[in-house]
Amino acid sequence: MPHIKKIFFRFIVLFFFVCCPLFAQKDYKLWLQYEKKTDSPIISDYLSNIKGIIALENTATSKIAQNELQIALNAMLGSQFQVTVKPEGNHKIILGSKLVLTPEIQKAIGSDFERINEEGYIIKSVSIKNNKHIVITGKKDIGVLYGVYSFLRLVQMNKSIKNLHLIDAPKTNIRILNHWDNLDRTVERGYAGFSLWNWQKLPDFIDPRYIDYARANASIGINGTVLTNVNANALILTPQYLEKVEALANVFRPYGIKVYLTARFSAPIEIGGLKTADPKDLDVMNWWKNKAKEIYKRIPDFGGFLVKANSEGQPGPQNYGRDHVDGANMLADAVAPFGGVIMWRAFVYSEHDANDRAKQAYAEFVPYDGKFRDNVIVQVKNGAIDFQPREPFHPIFGAMPKTPLMIEFQITQEYLGFSTHLVFLPKLFQEVLESDTFQKEKGTTVAKIIDGSLSNSKLTGIAGVSNIGNDVNWTGHPFAQANWYGFGRQAWNPDLDAEVIADEWLRCTFSNDEKFIKPVAAMMIKSREAVVNYMTPLGLHHIMDTGHHYGPGPWVSDLSRPEWNPVYYHKADKNGIGFDRSKTGTNATAQYAPEVEKLFDNLETCPENYLLWFHHVSWDYKLKNGQTLWNSLAFKYQEGVDQVKEMQDTWNKTGKYVDKERFKEVQMLLDIQYKEAKWWRDACLLYFQQYSGKELPVGVENASHSLDYFKSLKFPFAPGN
Ligand code: BDP
């Protein structure tokens, strides 16, 4: 017996050391799994006809493209693909940007080049002197790299690669991750470990992970990264740190990724020894000009600055009686000679302003329309409050036609269950991007405003607050990788459907088996509505516990700033619940175009999704389903819980399509999500019941604990705070 035990023990140890790193690697490899093709003989047959890769160009970026193609094809086909430079023979994949193509290939590509921009690509099956090839090209080498990733996606997804003719180009210029990473490597609202940037070991130690980060981003078209938190530390602008930033920029450059930093407005005082940071002060202006010069000397393609000013205690121009235009334009002038950009955030609200918080950013920024320099883009959150599970689109979209606007989404799940809950965010992003602002006419969607198609703006962009940390799987939850992936794909094409994204991601990350794809894609698509249902149904918002935002806290009412308290947002009382933002209330609806205003302002026409966002509604008010508001609210909370149960059931059936590690990991996380969905339902319904005074309708489960119990839960060490 002891002998058997020993063998068993040895087996376990061996299993752990040999197998675990391999399994872990799957998680690490994201959507670039390049699994051996055993599931599509047609594809592998066709690919095995291909005799090699011809590389016409030798820049750092083209070498990455060649390498990626070679590694991926060899991994998927198990054969040796060689890269050669000689354009001869049959059945080759030819890589090269426009200028290096032979005249015959140029001719075969023809006018396609007119349909792409500098970052676009063309993938075309061509026949030259009776030799058949696949050409992957673009105007520049970065286009070729994007083309290679797109081609590999087709192969990964078992899509036909016969007779290819694909032309694609990004619709926005700045497709950027905002890392809220601090210099001590903690990450504000980060739930996937510590920051990737190891400042202490930089610049000499280049963690291979920086390269994998760049690879992953390039594969989905992300071309910018803000390395530091919007709540900025001026030290990042000192030579000691700029040297480290330069090292990262050098790694990212060949992947087409520009580095940006957050600029602390008071930096001239903190690290420059000046007495003021007044944007109209000559010394201050010169300080920033010199700082820009110093940065660009090190990093010639430095992207520019992201600035959070006069918001939540951050310093800004208003400290000196100046305004956002003065601040942004001063910085814009400093980086303009080098082609830099200022991304100036519109996330502002003030404790000194008694107005509805949802109205404040619009009130402050809209009068500045047309007053910013050409290299300033105003970065606006998707909604007027703060990255809630559901918000109507921010009214600034549609109200600043003369100013380039970029949208800011939050990929990290600050208000959506951290990295524990499975929530597929492209569905949320799509809802916002498709919203009709009526700025000019019907059909003026948020997407059209930010992709510049409406204004012909040259400066366009999408930012996503990153969910990446140094966890082995990058994002904490294996399915949170889909949110990084989806963000990149939607930044490239804001009109891309979330269902297409889910399908792509699942095939590249897990399996092409339809029996897996269909139910799991459906689960992902529904997951966003589930979180809205069990957290903030019918337009409720910001009722998370305060500070860390983990779990429910609708009862919180004792914080110094009124708009930090959940009671400010739900306004539940004996008469009903909801924030009256119609003309009988704060009139926030008037910030939208008349068509939208009319829709939201009228209780009868207001989409029920946004009901309690815009209206204070009596508990007995009848919804379209014929049920009272109270009953409907209770049913929604229950539905959210039931939806998570369904997600569990779906996932439990996927064991045979997924490696054990990820299967188990997701299973455990869904168990927590289910537990927490019930926590949300119980705590919120018990709390609101005090005001409605009504029984729970039949079909809604009773709470597992008392309201006092839920109120007593405290989480002093919740992550990300
Ligand atoms: C809020 C976060 C806070 C950020 C702020 C911002 O709670 O940590 O600093 O947004 O976007 O959602 O500046």
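Residues numbered from 1 in each chain as written. Predicted model: local features only at pLDDT ≥ 70, side-chain atom pairs only at ≥ 80, totals over all residues. Heavy atoms only, no water.

S.K.: Tell me about the UniProt feature "active site" (unreviewed entry) in the protein, and name the residues and values.
M.R.: Sites flagged by UniProt as "active site" (unreviewed entry) map to E312, D386 and E414. Annotated residues from the preceding list that form part of the lining of the second largest pocket: these are E312, D386 and E414. Structurally, the position occupied by D386 is in the loop between β12 (376-381) and β13 (405-410). When its relative accessible area of 6% is taken as the criterion, D386 is described as buried. Residues within four places of D386 in sequence aside, it is in contact with F347, R357, K381, E391 and Y415. Its place among the elements puts E414 in the loop between β13 and α12 (426-433). Note on E414: relative accessible area 3%, which makes it buried. (UniProt positions renumbered as here; feature names shortened; annotations may be inferred. 1 Å grid on protein atoms, 1.4 Å probe; cavity = no way out; pocket = protein on both sides within 12 Å on 5 of 7 lines; lining within 4 Å. Helix = DSSP H or I, 4+ residues; strand = E, 2+ residues; numbered from the N terminus. Buried < 20%, exposed > 50% of the residue type's maximum accessible area, 1.4 Å probe, protein only. Contact = heavy atoms within 4.5 Å.)

S.K.: Describe the site of the ligand, naming the residues involved and giving the relevant values.
M.R.: Around the ligand, 14 residues are found, and the nearest of them are E188, K308, R345, D386 and E414. Within the contact set of the ligand, an oxygen atom lies 2.9 Å away from a side-chain nitrogen or oxygen of R189. Against a free-state accessible area of 320 Å², the protein chains account for coverage of 96% of the ligand. Judged by the proximity of its atoms to the pocket grid, the ligand belongs to the second largest pocket. The residue inventory of the shell around the ligand, partitioned by class, reads 4 nonpolar, 2 polar and 8 charged. (Near = heavy atom within 4 Å. Polar contact = N/O pair within 3.5 Å; in protein donor to acceptor, adjacent residues only side chain to side chain. Areas by Shrake-Rupley, 256 points an atom, 1.4 Å probe, with all protein chains shown as cover. Sits in = over half its atoms within 2 Å of the grid points. Nonpolar A, V, L, I, M, F, W, Y, C, P; charged D, E, K, R; others polar.)

S.K.: If you had to explain the side chain of T61 to someone new, which residues and values would you point to?
M.R.: Here T61 shows up in helix α3 (residues 60-77). Here the side chain of T61 touches P254 through a polar contact of 2.8 Å, landing on its backbone oxygen. The residues touching T61, leaving out its near neighbours within four places in the chain, are D141, I142, L145 and P254.

S.K.: Describe the sheet that holds β12, with residues and values.
M.R.: Spatially, 8 strands are ordered β7-β8-β9-β10-β11-β12-β13-β14 in a closed barrel, and the strand pairing comes out parallel. Ignoring strand direction, the axes of neighbouring strands in this sheet form an average angle of 25 degrees. Taken together, the 4 bridges between strand β10 (residues 304-307) and strand β11 (residues 341-345) define a ladder with parallel strand orientation. Paired with G304 across the bridge in β11 is V341. Contacts from helix α7 (residues 239-252) reach β8 (224-226) and β9 (258-262), with the element oriented near 150 degrees to β9. (Pairing = 2+ DSSP bridges. Axes fitted to C-alpha atoms, helices over the stretch in contact; angles between N-to-C directions.)

S.K.: Can you tell me about the packing of helix α20 (residues 629-652) against helix α21 (residues 660-692), naming the residues and giving the values?
M.R.: Where α20 contacts α21, the two axes come as close as 9 Å, and the packing angle between them is 170 degrees. Here α20 is positioned roughly antiparallel relative to α21, judged by the angle of their axes. Within the contact of α20 with α21, the residues separate by chemical class into 17 nonpolar, 7 polar and 5 charged. (Parallel < 35°, antiparallel > 145°, perpendicular 65-115°, else oblique.)

S.K.: Could you give me a rundown of the nonpolar core, with the residues and numbers involved?
M.R.: Counting residues in each nonpolar core, the largest one holds 226 residues, and the members touching the most others are F151 and F688. If near-sequence neighbours (up to four positions away) are discounted, F151 is found in contact with L47, L69, I93, I123, I134, I136, I161 and L164. Counting residues in each nonpolar core, the second largest holds 12 residues, with I94, L101, I109 and I128 among its members. (Core = buried A, V, L, I, M, F, W, Y, C linked by side-chain atoms within 4.5 Å.)

S.K.: Tell me about the layout of surface pockets, and name the residues and values.
M.R.: Space inside the largest pocket adds up to approximately 660 Å³. Taken together, 27 residues form the lining of the largest pocket, with E119, N173, I174, N223 and K258 sitting closest to its centre. Sorting the residues of the lining of the largest pocket by element identifies α5 (141-156), β7 (174-178) and β9 as the ones contributing at least two each. Per-domain counts for the lining of the largest pocket show at least three residues from each of domain 1 (31-168) and domain 2 (174-509). Taken as a whole, the second largest pocket encloses approximately 440 Å³ of empty space. (Points joined across faces, edges and corners; volume = space filled by probe spheres on them. Domains from an automatic or database assignment.)

S.K.: Kindly report on empty space enclosed by the protein, identifying the contributing residues and their values.
M.R.: Where empty space is left in the structure can be found by rolling a water-sized probe over the atoms. The full count for this structure, using the stated rule, is 8 cavities of 30 Å³ or more. Roughly 100 Å³ of volume is contained in the largest cavity. In this structure, the largest cavity is lined by 15 residues; those nearest its centre are P401, T403, L405, I449 and S455. If you tally residues by element for the lining of the largest cavity, the top one is helix α13 (residues 446-450), at 3 residues. Among the residues making up the lining of the largest cavity, the classes are represented as 8 nonpolar, 6 polar and 1 charged.

S.K.: Please set out the environment of V556 residue by residue, giving values where relevant.
M.R.: Among the secondary structure elements, V556 is positioned in the loop between α16 (514-535) and α17 (566-570). Among the residues examined, V556 registers a relative accessible area of 9% and is labelled buried. As for V556 and D545, which are separated by 11 residues in sequence, their C-alpha atoms are 7.1 Å apart. Apart from residues lying up to four places away in sequence, V556 is in contact with D545, T546, N565, P566 and V567.

S.K.: Give me the packing of aromatic side chains: which residues, what numbers.
M.R.: Summed over all chains, the structure comprises 49 aromatic pairs. With centroids separated by 4.9 Å and ring planes inclined at 85 degrees, the aromatic side chains of W287 and W288 adopt a geometry described as edge-to-face. Judged by its relative accessible area of 14%, W287 falls in the buried class. Owing to a relative accessible area of 0%, W288 belongs among the buried residues under this scheme. (Phe/Tyr/Trp six-rings, centres within 6.5 Å; stacked < 30°, edge-to-face > 60°.)

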